[in-house]
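Now for the letters of each chain:
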Amino acid sequence: VQVSSDGAFLCIHDPTLERTTDGVGYVSAQSFEQLRSYNAAAAWPNLPHEPIPEARVALYRLVGCDALLSDHPGQTAQALGRRPQ
C-alpha cells in the first residue's frame, strides 16, 4: 500500500509507477485522481484498462465489510456490520 500526495491509500507494491503501470514517478508525488488514470494492467495489452485499486475498496472486496468504506476507529468488524460468510 502506498499513499498519494493527497492522502489516499492505494494498492500498489512499488513506491514508483514504472514497473507496474503506464505511469512515471513516485506514487507519493501524485494525486489520487492522477494515479487512478494510470493503467495497472499495462503489461498485458489484451486486458482492458485497470486503474490502480484504492486500498479501502480492495479491503471491502476482500472481507466484505461495509464499515471499511468509512471511518470508525476502535470498533470491530462485527459491530460495524460485517457480512456473514
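Details of the structure are given in the entry above.
Residues numbered from 1 in each chain as written. Predicted model: local features only at pLDDT ≥ 70, side-chain atom pairs only at ≥ 80, totals over all residues. Heavy atoms only, no water.

## Here we look at the overall build of the protein chain
Argument step 1. Across its full length, the protein chain holds two helices and two strands.
Argument step 2. Listing the helices and strands of the protein chain from first to last along the sequence gives β-β-α-α.
Argument step 3. Counting the 85 residues in the protein chain, one finds 28% classified as buried.
Argument step 4. Taking contacts inside the protein chain between residues at least 6 apart in sequence as the whole, the part at least 24 apart equals 25%.
Argument step 5. A total of about 5900 Å² of accessible surface is found on the protein chain, and carbon and sulfur atoms cover 56% of it. (Helix = DSSP H or I, 4+ residues; strand = E, 2+ residues; numbered from the N terminus. Buried < 20%, exposed > 50% of the residue type's maximum accessible area, 1.4 Å probe, protein only. Contact = heavy atoms within 4.5 Å. Areas by Shrake-Rupley, 256 points an atom, 1.4 Å probe, with all protein chains shown as cover.)

## Focus: a nonpolar patch on the surface
Argument step 1. A contiguous nonpolar surface patch, about 280 Å² in accessible area, is contributed by V1, V3 and F9.
Argument step 2. Within the secondary structure, V1 sits in the segment before β1 (2-3). (Patch = residues over 30% accessible without salt bridge, like charges linked within 9 Å, V, L, I, M, F, W, Y side chains within 5 Å. Salt bridge = Lys/Arg side-chain N within 4 Å of Asp/Glu carboxyl O.)

## Things to note about the pattern of salt bridges
Argument step 1. Evaluation of the coordinates by the stated rule reveals two salt bridges.
Argument step 2. As a salt-bridge pair, D14 and R19 come within 2.7 Å of each other at their nearest N and O atoms.
Argument step 3. Accessibility expressed as a relative area gives 10% for D14, which makes it buried.
Argument step 4. With a relative accessible area of 59%, R19 lands in the exposed category.
Argument step 5. When the shortest N-O distance is used, the salt bridge between R56 and E54 registers 2.9 Å.
Argument step 6. The exposure class assigned to E54 is buried, which follows from its relative accessible area of 17%.

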